[in-house]
Amino acid sequence: MRSQDHDRIFLSPPHLGRHELNYLHKAIEDNWVAPAGPNLAGFEADICAAVNVPHCVALSSGTAALHLGLLLLGVGPGDEVLCPSFTFVASANPILYCGATPVFVDSEPDTWNLCPVRLREAIEDRLRRGKKPRALLLVHLYGVPAKMTEILALAAEFDLPILEDAAEALGARFKGQPLGSFGRVGVFSFNGNKILTTSGGGALVAHDRALAERARFLATQAKDEAPHYQHSEVGYNYRLSNLLAGIGRGQMELLADRVKRRREIFRWYQEHLAGLPGLAVAPAAEPPGALANRWLTTVLLAPPDPADGPGPPAATPETLRRALEARNIESRPLWKPLHLQPLFAGAPVYGGAVCADLFARGLCLPSGTALAEADLRRVADALREALA
Ligand SMILES: *Cc1c(COP(=O)(O)O)cnc(C)c1O
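Every chain is numbered independently, its residues counted from 1 as its sequence is written. Residue-level local features of this predicted model are given only where pLDDT is at least 70; pairs of side-chain atoms are given and counted only at 80 or more, and the full residue set underlies all totals for whole chains, interfaces and linings. To get the side-chain values, take all heavy atoms of the structure and skip hydrogens and water.

Only DSSP runs of H or I reaching four residues or more are called helices, and only runs of E reaching two or more are called strands; each is numbered from the N terminus. A tally of regular secondary structure across the chain gives 12 helices and 15 strands. The globule rule used for comparison is 2.2 Å times the number of residues to the exponent 0.38, while the radius of gyration itself is calculated over C-alpha atoms. For the chain, the C-alpha radius of gyration of 22 Å lies close to 21 Å, the compact-globule estimate for 388 residues. For the C-alpha atoms alone, the extent of the chain along its principal axes is close to 75 × 60 × 35 Å. Only protein chains enter the calculation, and the probe is 1.4 Å; a residue is then buried if its accessible area is under 20% of its type maximum, exposed if over 50%, and partly exposed in between. Across the 388 residues in the chain, those meeting the buried criterion constitute 53%. Sequence-distant contacts, at least 24 apart, represent 73% of the contacts inside the chain between residues at least 6 apart. Summed over all atoms, the accessible surface of the chain reaches about 16,600 Å², with 55% contributed by carbon and sulfur. In this tally, Lys and Arg are treated as positive and Asp and Glu as negative; His is ignored, and so are the chain termini. A single reference atom marks each charge: NZ on Lys, CZ on Arg, CG on Asp, CD on Glu. The centroid of the 39 positive side-chain charges in the chain is displaced by 0 Å from the centroid of its 41 negative side-chain charges. Contact between two residues is taken to exist if any of their heavy atoms lie within 4.5 Å; hydrogens are not considered. Calculation of accessible area relied on Shrake-Rupley with a 1.4 Å probe; when residues are assessed, cover is drawn exclusively from the protein chains displayed.

To qualify as a nonpolar core, a set must consist of buried Ala, Val, Leu, Ile, Met, Phe, Trp, Tyr and Cys residues joined through side-chain atoms within 4.5 Å. Core analysis: the largest hydrophobic core is formed by 96 residues, its most contacted members being Ile47, Leu82, Leu119, Leu170 and Phe190. Looking at which element gives the most residues to this core, the answer is helix H3 (residues 62-72), with six residues. Residue ranges for the domains trace back to a domain assignment, done automatically or taken from a database. Per-domain counts for this core show at least three residues from each of domain 1 (3-8 + 256-387) and domain 2 (20-254). In this view, Phe190 contacts Phe43, Ile47, Leu170, Leu196, Thr197, Thr198, Ser199, Gly200, Gly201, Gly202, Ala203 and Met252; residues no more than four positions away in its chain are not counted. Within the second largest apolar cluster, 21 residues are counted, among which are Ile265, Trp268, Ile329 and Leu371.

Next up on the list: the state of the cysteines. Any covalent bond linking the sulfur atoms of two cysteines counts as a disulfide. Two cysteine sulfurs form a disulfide in these notes if their separation is within 2.5 Å. Scanning the model with the defined rule gives zero disulfides in all. In this structure Cys115 is not part of a disulfide, and its nearest cysteine sulfur, from Cys355, lies 10 Å away.

Two residues of an α-helix separated by three or four positions point the same way, owing to the 3.6 residues in each turn. Each helix should span, by expectation, one fewer than its residue count multiplied by 1.5 Å. Spanning 14 residues, helix H2 (residues 38-51) covers 20 Å between terminal C-alpha atoms, matching the ideal 20 Å at 1.5 Å per step. Among all positions of H2, only Asn39, Leu40, Gly42, Phe43, Glu44, Ile47, Cys48 and Val51 are buried.

To continue, consider the site of the ligand. With respect to spatial proximity, 16 residues lie near the ligand, and among them Gly62, Thr63, Glu168, Ser189 and Lys194 are the closest. A distance of 2.5 Å separates an oxygen atom of the ligand from a polar side-chain atom of Thr63. Starting from 380 Å² of accessible surface for the ligand in isolation, the protein chains cover 94%. For the shell around the ligand, the secondary-structure elements that each account for two or more residues are H3 and helix H4 (89-97). When residues in the shell around the ligand are grouped by element, the largest group, three residues, is from H3. Nearness here has a simple test: a residue counts as near a molecule or strand if at least one of its heavy atoms is within 4 Å of that partner. Polar contact criterion, stated in full: a pair of N or O atoms within 3.5 Å, where within protein one must be able to donate a hydrogen and the other to accept it, and residues adjacent in sequence count only if both atoms are side-chain atoms.

Attention shifts here to the packing of aromatic side chains. Only Phe, Tyr and Trp rings take part, Trp by its six-membered ring, and two of them pair if their centres are within 6.5 Å. Stacked means planes under 30 degrees apart, edge-to-face means over 60, and tilted covers everything else. The full count for this structure, using the stated rule, is 10 aromatic pairs. Each ring, one from Phe104 and one from Phe344, has its centre 5.2 Å from the other, and the planes form 80°; the classification is edge-to-face. Of this pair, Phe104 sits in strand E3 (residues 101-105) while Phe344 sits in the loop between strand E13 (332-333) and strand E14 (349-350), and the two are 240 residues apart along the sequence. The buried category is assigned to Phe104, whose relative accessible area is 0%. Given a relative accessible area of 4%, Phe344 falls into the buried group. Look at Trp112 and Tyr142: their rings are 6.4 Å apart centre to centre, the planes differ by 90°, and that puts the pair in the edge-to-face class. Of this pair, Trp112 sits in the loop between E3 and helix H5 (116-128) while Tyr142 is found in the loop between strand E4 (135-139) and helix H6 (148-157), placing the two residues 30 residues apart along the sequence. Judged by relative accessible area, Trp112 falls into the buried class, the value being 1%. Assessed through its relative accessible area of 3%, Tyr142 is described here as buried. A connected cluster of aromatic rings, assembled from ring pairs, spans Phe86, Phe88, Trp112, Tyr142, Trp295 and Trp335. Seen from the ring of Tyr229, Lys223 lies directly overhead, with NZ or CZ sitting 5.4 Å from the centre. Only Lys NZ and Arg CZ are tested; either one counts as a charge over a ring when it is within 6 Å of the ring centre and within 35 degrees of the ring normal.

In the contact formed by helix H9 (residues 255-273) and helix H12 (residues 373-387), the axes pass within 11 Å of each other and the chain directions differ by 35°. Taken as a pair, H9 and H12 cross one another with a handedness that is right-handed. Residues Arg261, Ile265, Trp268, Tyr269, His272 and Leu273 of H9 lie in contact with H12, whose contacting residues are Glu373, Leu376, Arg377, Val379, Ala380, Leu383 and Arg384. When residues are sorted by character, Ala, Val, Leu, Ile, Met, Phe, Trp, Tyr, Cys and Pro go into the nonpolar class, Asp, Glu, Lys and Arg into the charged class, and all the rest, Gly among them, into the polar class. Of the residues contributing to the contact of H9 with H12, the split by class is eight nonpolar, one polar and four charged. Axis definition: a line fit to C-alpha positions, over the contact stretch in the case of helices; interaxial angles, taken between N-to-C directions, run 0 to 180 degrees. Left-handed describes a crossing in which the near helix is turned anticlockwise from the far one by less than a right angle; the clockwise case is right-handed.

All right, on to empty space enclosed by the protein then. In this analysis a 1.4 Å probe is tested at points of a 1 Å grid over the protein atoms alone, and where it fits but cannot get out there is a cavity; an open set with protein on both sides within 12 Å along at least five of seven lines is a pocket; lining residues have an atom within 4 Å of a point. Grid points are joined across faces, edges and corners, and a volume is the space filled by probe spheres set on the points. Under the definition given, this model contains one cavity of 30 Å³ or more. In terms of lining residues, the largest cavity is bounded by Pro13, Pro14, His15, Lys194, Ile195, Gln251, Arg258, Arg262 and Thr369. Residue composition of the lining of the largest cavity, by class: three nonpolar, three polar and three charged. Viewed by domain, the lining of the largest cavity spans two of them, domain 1 (3-8 + 256-387) and domain 2 (20-254), each represented by three or more residues.

Of the pockets and cavities examined, the second largest pocket occupies roughly 200 Å³. Along its surface, the second largest pocket is lined by 19 residues, and Phe88, Ala90, Ala167, Ser189 and Lys194 are the ones closest to its centre. Only H3, H4 and strand E8 (185-189) provide two or more residues apiece to the lining of the second largest pocket. Split by residue class, the lining of the second largest pocket holds seven nonpolar, nine polar and three charged.

Right, let's talk about the domain arrangement of the chain for a bit. What the domain assignment reports for the chain is domain 1 (3-8 + 256-387) and domain 2 (20-254). On a C-alpha basis, the centroid separation for the pair domain 1 and domain 2 is 26 Å. Values labelled buried area give the accessible surface lost by two parts on being combined, using a 1.4 Å probe and summing over both. The contact between domain 1 and domain 2 buries some 3,600 Å² in all, and 67% of this surface belongs to carbon and sulfur atoms. Salt bridge, as used here: a side-chain nitrogen of Lys or Arg that lies within 4 Å of a carboxyl oxygen of Asp or Glu. For the interface between domain 1 and domain 2, the tally reads zero salt bridges. Where domain 1 packs against domain 2, one counts 24 residue pairs in polar contact (both at pLDDT 80 or more). Of all the secondary structure elements, the ones that give two or more residues to the side of domain 1 that touches domain 2 are H9, strand E11 (290-291), strand E12 (297-301), E14 and helix H11 (353-361). Here the side of domain 1 that touches domain 2 gets five residues from one element, more than from any other, and that element is H9.

If you want it as structure tokens, here you go:
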């Protein structure tokens, strides 16, 4: 191992700023460790301002926010929920928590997100079978906006409420409007590897005050209005702590800067990896009017060319991942499509070849905002060597 290879380059580690500690300090000084306190209200106000939505509930994770979001849209046992196959399992697990079934829809090759053509096919086929899906769970993968014009038109045509999983897309926009604000309910994650972090946390946003109030009620054990502990419904313990919300306040100050830096890293890779043999630098594209936050920069290997005949085995995402790992650089495969996961065996799927192909050829590169130019060069050099 070379000397400069000692420090591990992580995929997307937390990147703290200067003010998180001030908010934590103040909370401890004031004994606002629990329950809900000023940091929580402040963090929610920061998110409302950034996302341009009037109501926000800070929660313990993005997964918890998705679970509550589904409940707010009335998803229950036996219902079907439309969901992209190409996403992290946390998008679809909450569908199972509700006793509902995911109906998976393939990606389209431009943004890698929900394919509007397949989506129409799925909706019409479910209707023909006599069951209208209860909701559409929309994901913006790797911070790249989905084809919103087409998807919003379909949701309106079939009167489908959207639960917007913007866990990876904080700070991204479509036609100037922040992602997360398009759905009836929007969801963010502040997990450790996301663009901003509270170490672990999430948030639910809504335009409708009643929905947000209901989310807050369900997130705090669904306690009825009474002086004693009175309960008529199943509740959850999903609220974010006031301490972690303090970290979130410090992080929210940095959002614009972090989006700018992720986009710079994306452009750096695009420039410096262009022309590498076997690498199709064709990452997910911004649809017209979209601004991606480029949470993770991804690359695709060129599709195998059958005309090549027998020869040295072509690079795969796994050979690249191992070559980077040998240089102490962390990388990850793209999300494995959910319709290929044993957990979801038997779930309906519309298409599936596009996201299966992306999974077979793609890799996520280190994209943390604290990466220095020398770190990026180490990644590019390792890829160049591996592909030579
Ligand atoms: C991270 C993530 C989630 C879950 O968020 P947590 O805060 O880790 O629970 C959900 N959906 C997507 C697309 C994610 O990337």
